[in-house]
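Residues per chain are reported as follows:
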There are 4 protein chains.
Amino acid sequence: MKTGRLEAFSDGVLAIIITIMVLEMKAPEEVSLNALLKVAPVFISYLLSFIYVGIYWNNHHHLMHVTQKVNGKILWANLHLLFWLSLIPFTTSWLGEHQHYKESLPVAAYGFVLLMCAVAYFVLERVLINYHDDHFALNKLPKLKWKDYVSTTLYILALPLAFINTLLSIICFVGVAIIWIMPERRLEEFMEKE
Amino acid sequence: MKTGRLEAFSDGVLAIIITIMVLEMKAPEEVSLNALLKVAPVFISYLLSFIYVGIYWNNHHHLMHVTQKVNGKILWANLHLLFWLSLIPFTTSWLGEHQHYKESLPVAAYGFVLLMCAVAYFVLERVLINYHDDHFALNKLPKLKWKDYVSTTLYILALPLAFINTLLSIICFVGVAIIWIMPERRLEEFMEKE
Amino acid sequence: MKTGRLEAFSDGVLAIIITIMVLEMKAPEEVSLNALLKVAPVFISYLLSFIYVGIYWNNHHHLMHVTQKVNGKILWANLHLLFWLSLIPFTTSWLGEHQHYKESLPVAAYGFVLLMCAVAYFVLERVLINYHDDHFALNKLPKLKWKDYVSTTLYILALPLAFINTLLSIICFVGVAIIWIMPERRLEEFMEKE
Amino acid sequence: MKTGRLEAFSDGVLAIIITIMVLEMKAPEEVSLNALLKVAPVFISYLLSFIYVGIYWNNHHHLMHVTQKVNGKILWANLHLLFWLSLIPFTTSWLGEHQHYKESLPVAAYGFVLLMCAVAYFVLERVLINYHDDHFALNKLPKLKWKDYVSTTLYILALPLAFINTLLSIICFVGVAIIWIMPERRLEEFMEKE
């Protein structure tokens, strides 16, 4: 099977996930600046989640770009990733509620779903590599292992930190996002040559 | 007509169905573990429905992969399938409400919609086979009749069981899901050769 | 410009329109058969609107199939059609509320939006024909004028009838839907030859 | 990388943005003409935002049509544009509430998001031009600079005007929309030759 429809379906689901989060930002009934400021936590958690889903879309895009064929197992590994990503609007909405960013449980739940997304993405990569032969581009991709290591460490740190100081936990999330937004020159050059 | 736009439209509808179900998981206002546990029934019914819609997307993918042309009747048979699938978020949301998994009616309604989806999928297959000639790949596909028989039996059993013991009914639903997630080696091999 | 992205965007909007209507079918809190029956008017208006959007998707599919190129005016004529179609969930939801199918205003509003969709579709066809030359397939399409005449008549009748007897008005809507679901053998044959 | 998936993802997000705004138009419980008239402000702000998102889709369509390749930076510039566009349903919903079109803050917020969309679109254009060589079609596009100048002026005027007279501010928004709906004969001719 070709990757065409898998990409189309994933694009659809990711486009919906990234957009429905904005529905949680309920327009305030009042018109004061105070009323607008109350939306700030929802806005910031929306922004953070938008960036995360954007990173996954970007990486998914790169991953599928080098993939030539898929089988049933890959379709399910992909659905597994989409499942965890689809929970981001839920944890985002819980985190965005008034003062919840100071509470351990919503912050830990947010981090847990992000961690599971990362695990699901890793599984998808493994399944793809197993299905292809040694000439598979994914094996030839310039390894940026340090990104994986640092972000895994930050994800795992973020969970217990949520019960000590939620701010430290949130800094971890922001840190991972920054790591992944940074352009990867070697990957870019590699993609261009393909 | 080619299948391209039928696939694109179906992908769109399935992507929306699978994603809007998560909107039913309202973030709790409290931050206690108890509050989170209350979301558990919604979460589990979401997970089950996610898998079901995933199975349909997978099978639809395979079905359209071997289809070369469509006509008006096929477009409507496909819309008929999408209609029943679009009711899954409704029955999922009813089933997911507090303690509803113990009530006959929501469980039976959930099973009825799943049964109608299976019927609609069967109709779509028939219409496709009728429109193509004997060389149509769907006729050459390795028949996995036992899956059809077992899942039909489980669907039909699940409806009366919902009025005796809802747990037995839910076991039927889970059973059908497991049957269809299992990889089909013969089908995979067949697809690869295509 | 090619029609590819216009089709993709229209498919996306139509897929969302057809699916978000189901969000109006709120799962009842109770589990009695009565509670389920209360959802019946919403369900029936959803079914009717699902069929209407399905018809428009079908016709749009056929229309774009024979179109080779688009310009800015066509993009706007298409957006104009999508605008009126996007109002269907609103009028459907108003019509579906308890006992509203007996009230003139919701029925008339429902009919008005359907009429405007038909007008917008007609405009899109005109703009397409003007942009193409005489060899354009739309000019060679077997004319099914009677469908246009009958459905226009029924739409125009439905509006005043809503203020006399809403049932007659609803019969008009159902009538138009039946006319357009019926397979068009000549069109099918023509499409196949293309 | 090719532009295919970037277009598909953007189409998905734009289709959702343009359609979920209609969800804000809650069907009134009553059936009086008065109840329907109360929806008028929501309807008008929906119409205005529909046209704006339509304009962005149109322009995005043209922009990607002449683009042959994308890199990571372009993907992020595109996501940045989609982020600001995704806030339109929020400001539209705030503006559409009862009497809010007379209030400075909702009008200014609406204008601010539109301004940021325009900025993000400009950034995307710059990033695209930087990535391509001098033969890039975007450099050869017939310059319609006056549109950019006039609409930038109107956007910047609209913000302070919202605190003097909201009506003047809204006239600015409508003015920009009219400028961009007008067909661009030179651009059309250029696109056709491509």
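As a starting point, this report considers the structure included with it. (Residues numbered from 1 in each chain as written. Chains lettered and ligands numbered in written order. Predicted model: local features only at pLDDT ≥ 70, side-chain atom pairs only at ≥ 80, totals over all residues. Heavy atoms only, no water.)

**Some thoughts on the overall build of chain A**
Regarding its fold elements, chain A presents 10 helices and 0 strands. Its helices and strands taken in sequence order, chain A reads α-α-α-α-α-α-α-α-α-α from the N to the C terminus. Considering only contacts within chain A whose residues lie at least 6 apart along the sequence, 81% involve residues at least 24 apart. Summed over all atoms, the accessible surface of chain A reaches about 8500 Å², with 64% contributed by carbon and sulfur. (Helix = DSSP H or I, 4+ residues; strand = E, 2+ residues; numbered from the N terminus. Contact = heavy atoms within 4.5 Å. Areas by Shrake-Rupley, 256 points an atom, 1.4 Å probe, with all protein chains shown as cover.)

**Observations regarding the interface of chain A and chain B**
Quite often, the size of an interface is put as the accessible area lost when its parts meet. Contacts between the two partners involve 28 residues from chain A, matched on the other side by 39 residues from chain B. For the pair chain A and chain B, the two sides together bury roughly 3100 Å², of which 73% comes from carbon and sulfur. Of the charged contacts in the structure, one is a salt bridge between R5 of chain A and E7 of chain B, with a shortest N-O distance of 3.5 Å. For the interface between chain A and chain B, the tally reads 4 residue pairs in polar contact (both at pLDDT 80 or more). Listed by contribution, the elements that provide at least two residues to the side of chain A that touches chain B are α1 (4-20), α4 (72-86), α5 (88-96) and α6 (104-131) of chain A. Along the lines of polarity and charge, the residues of the side of chain A that touches chain B split into 19 nonpolar, 6 polar and 3 charged. (Buried area = accessible area lost by both parts, 1.4 Å probe. Salt bridge = Lys/Arg side-chain N within 4 Å of Asp/Glu carboxyl O. Polar contact = N/O pair within 3.5 Å; in protein donor to acceptor, adjacent residues only side chain to side chain. Nonpolar A, V, L, I, M, F, W, Y, C, P; charged D, E, K, R; others polar.)

**Examining helix α3 (residues 40-65) of chain B**
With 26 residues, α3 of chain B should reach 38 Å at 1.5 Å per residue; the first-to-last C-alpha distance of 37 Å fits that figure. Along α3 of chain B, 19 of the 26 residues are buried, which leaves the element largely enclosed by surrounding structure. (Expected span 1.5 Å × (residues − 1). Buried < 20%, exposed > 50% of the residue type's maximum accessible area, 1.4 Å probe, protein only.)

**Some remarks on the relation of the copies chain A and chain B**
When chain A is brought onto chain B, the operation consists of a screw motion whose angular component is 90 degrees and whose axial shift is 0.0 Å, with 0.0 Å RMSD remaining. A rotation of that kind, with that shift, is consistent with a four-fold axis. Residue G12 of chain A of chain A places its C-alpha closer to the rotation axis than any other residue of that unit, at 4.3 Å. A different interface surface on each copy is seen, since only 4% of the contact residues of chain A are contact residues in chain B too. (Least-squares fit on C-alpha atoms with pLDDT ≥ 70 in both.)

**Topic: helix α8 (residues 145-161) of chain D**
In an α-helix, one turn spans 3.6 residues; hence positions three or four apart end up facing the same way. Residue and element names in this part refer to chain D. Taking 1.5 Å of rise per residue, the 17 residues of α8 would be expected to cover 24 Å, and the 24 Å separating its terminal C-alpha atoms lies within 8% of that figure. Along α8, the positions that sit buried rather than exposed are K147, S151, L154, Y155, A158 and L161. With its buried residues spanning 135 degrees around the axis, α8 presents them on a single face. Residues of α8 that are exposed and point over 90 degrees away from its buried face: Y149 and I156. Of the surrounding elements, those touching the buried residues of α8 are α3 (40-65), α6 (104-131) and α9 (166-181). (Arc of directions from axis to C-beta.)

**Considering a nonpolar patch on the surface**
All names here are of chain B. Residues W146, Y149, V150, V174, I178 and M182 make up a contiguous nonpolar surface patch of roughly 570 Å² in combined accessible area. Elements supplying a minimum of two residues to the nonpolar patch: α8 (145-161) and α9 (166-181). Examining the composition of the nonpolar patch, we find that 3 residues originate from one element, α8, more than from any other. In this structure, I178 sits in helix α9. (Patch = residues over 30% accessible without salt bridge, like charges linked within 9 Å, V, L, I, M, F, W, Y side chains within 5 Å.)

**Description of the packing of helix α1 (residues 4-20) of chain C against helix α3 (residues 40-65) of chain C**
All names here are of chain C. Where α1 contacts α3, the axes come no closer than 10 Å and their chain directions differ by 170 degrees. Taken together, the axes of α1 and α3 lie roughly antiparallel to each other. Mapping the contact onto sequence places L6, E7, S10, D11, L14, I17 and I18 in α1 and Y46, F50, V53, G54, W57, H60 and M64 in α3. Looking at the contact of α1 with α3 residue by residue, the class counts come to 9 nonpolar, 3 polar and 2 charged. (Axes fitted to C-alpha atoms, helices over the stretch in contact; angles between N-to-C directions. Parallel < 35°, antiparallel > 145°, perpendicular 65-115°, else oblique.)

**Re the side chain of T166 of chain B**
Along the chain, T166 of chain B falls in helix α9. Residues within four places of T166 of chain B in sequence aside, it is in contact with Y101, K102, E103, S104, V107 and L161 of chain B.

**Quick word on the packing of aromatic side chains**
Following the criterion strictly, the structure yields 36 aromatic pairs over all chains and no others. Each ring, one from F83 of chain B and one from W84 of chain B, has its centre 5.6 Å from the other, and the planes form 75 degrees; the classification is edge-to-face. What makes F83 of chain B buried here is its relative accessible area of 6%. Ring plane angle 75 degrees and centroid distance 5.8 Å describe the contact between Y46 of chain D and F50 of chain D, whose orientation is recorded as edge-to-face. In this pair, Y46 of chain D and F50 of chain D both sit in helix α3, 4 residues apart, roughly one turn of the helix. Neither residue differs from the other here; Y46 of chain D and F50 of chain D are each classed as buried. Each member of the aromatic cluster is reached from another via a ring pair, and the members are F43, Y46 and F50 of chain A together with F83, W84 and F112 of chain D. In this structure, K69 of chain C packs its charged tip against the face of Y131 of chain C, placed 4.7 Å from the ring centre. (Phe/Tyr/Trp six-rings, centres within 6.5 Å; stacked < 30°, edge-to-face > 60°. Lys NZ or Arg CZ within 6 Å of the ring centre and 35° of its normal.)

**Considerations on the pattern of salt bridges**
Inspection of every chain in the model, using the stated rule, returns 8 salt bridges over all chains. If you follow the salt bridges from partner to partner, you end up with R5 of chain A together with E7 and D11 of chain B in one network.

**What to know about the environment of F43 of chain D**
Along the chain, F43 of chain D turns up in helix α3. For F43 of chain D, a relative accessible area of 25% corresponds to the partly exposed category. Considered as a pair, F43 of chain D and I171 of chain D are 128 residues apart in the sequence and their alpha carbons are 17 Å apart. Leave out the neighbours within four places in its chain, and F43 of chain D touches F83 and L87 of chain C together with M25 of chain D.

**Side note on the state of the cysteines**
Residues and elements named next belong to chain C. Using the criterion set out here, one finds 0 disulfides over all chains in the structure. Cysteine C172 remains unbridged, with the sulfur of C117 as its closest cysteine sulfur at 17 Å. Judged by relative accessible area, C172 falls into the buried class, the value being 7%. (Disulfide = S-S within 2.5 Å.)

From the geometry alone we can't say anything about function, so treat these as descriptive.
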